[in-house]
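What follows is each chain in one-letter form.
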Amino acid sequence: MPEINVEEALAGDSANVKSFNNSIIDVENLNLWYGESHALNEITLEIPEKQVTAIIGPSGCGKSTFLRTLNRMNDRIPNVRIEGSIVYDGINIYEGDIDVATLRKEVGMVFQKPNPFPKSIYENVAYGPRVHGVNDKTKLNEVVEESLKNAALWDEVKDRLDASAVDLSGGQQQRLCIARALAVEPKVLLMDEPASALDPVAMSKIEDLIYELKKNYTVVIVTHNMQEAARVSDYTAFFHLGELIEYSKTKKLFENPDKRMTEEYITGRFG
Ligand SMILES: Nc1ncnc2c1ncn2[C@@H]1O[C@H](COP(=O)(O)OP(=O)(O)OP(=O)(O)O)[C@@H](O)[C@H]1O
């Protein structure tokens, strides 16, 4: 296995990413341990605003762990220790008194398996705004309609908003979960393999949707599927064994990677 040198991986080519004028999240020297196990090692990268950034890498390399650090979802896991900084909107989210509920409102998350509440379609989307104090019925109706439209689901459900969310197809449930995340007006959407549990048609709808979402939102997506990363993302970060090996424009990373390890991974020689 070639030796990993992150400095080298990120140096030397203009298509490699060092910093953005428009970064919305700046991660610096991030380390994460589960007990004694060092799962993320000195990760430094910037996430550009209103772009899609894909995180790829073999199973267990830390993709989901990294994604969860961006809105402090790892807080819920016992024995996690984090060092380094993640600056969102000018504030280090690991320092001082951060209101985690507000952070997660702005940096929302969509999981691999659609997880709608066992409630109506309407209630699923209205839930978040209600929690954040929106009670006016007209306003809630507007938010529900707008969010379902933005998640490309409105036309399929507008005549049955009172129907149970769990009776929707898997792909519709996932778009409902995206609508639910959008309803609280996030700036960033974290997506952990959002299409991997879906059939190819539903997957393609989610991919089209991600492309639309970046007009208004920043998207960070974890995926096992390299074709998907190549189709939907502007930038791609390749992780291996908890290290960031290469971070570039997606086209560059897939067509002309700097690191041999990246090339071996994207050509299917390991992983
Ligand atoms: N809650 C946890 N407690 C202890 N170790 C964990 C926990 N979650 C993940 N790990 C370990 O951290 C490492 C990174 O896991 P993570 O799930 O982030 O990888 P991944 O790249 O997302 O993997 P996959 O593609 O299989 O989902 C792995 O070694 C994993 O076993």
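Residues numbered from 1 in each chain as written. Predicted model: local features only at pLDDT ≥ 70, side-chain atom pairs only at ≥ 80, totals over all residues.

## A few points about helix α4 (residues 121-131)
Right, so step 1: Regarding α4, the residues found buried are I121, N124, V125, A126, G128 and P129.
Right, so step 2: Where the residues of α4 are buried, they touch α5 (137-150), α6 (154-157) and α7 (170-182).
Right, so step 3: G133 lies just past α4 and shows a positive phi near 95°. (Buried ≥ 20, exposed ≤ 12 C-beta atoms within 10 Å, placed from the backbone. Helix = DSSP H or I, 4+ residues; strand = E, 2+ residues; numbered from the N terminus. Contact = placed C-beta atoms within 7 Å.)

## Regarding the pairing of strand β10 (residues 243-249)
Right, so step 1: In terms of residue burial, β10 counts as a mostly covered element, since six of its seven residues are buried.
Right, so step 2: Alignment of strand β9 (residues 235-240) against β10, held across six bridges, turns out to be antiparallel. Across the sheet, residue Y235 finds its bridge partner in β10, namely K249.
Right, so step 3: The turn joining β9 and β10, which pair antiparallel and follow one another in sequence, is formed by two residues; a positive phi near 45° is taken by L241. (Pairing = 2+ DSSP bridges.)

## Quick notes on the UniProt feature "domain: ABC transporter" (unreviewed entry) in the protein chain
Right, so step 1: Per the UniProt entry, the sites bearing "domain: ABC transporter" (unreviewed entry) are residues 25-266 in this numbering.
Right, so step 2: Structurally, residues 25-266 comprises 37% helix and 27% strand, and the distance from its first C-alpha atom to its last is 26 Å. (UniProt positions renumbered as here; feature names shortened; annotations may be inferred.)

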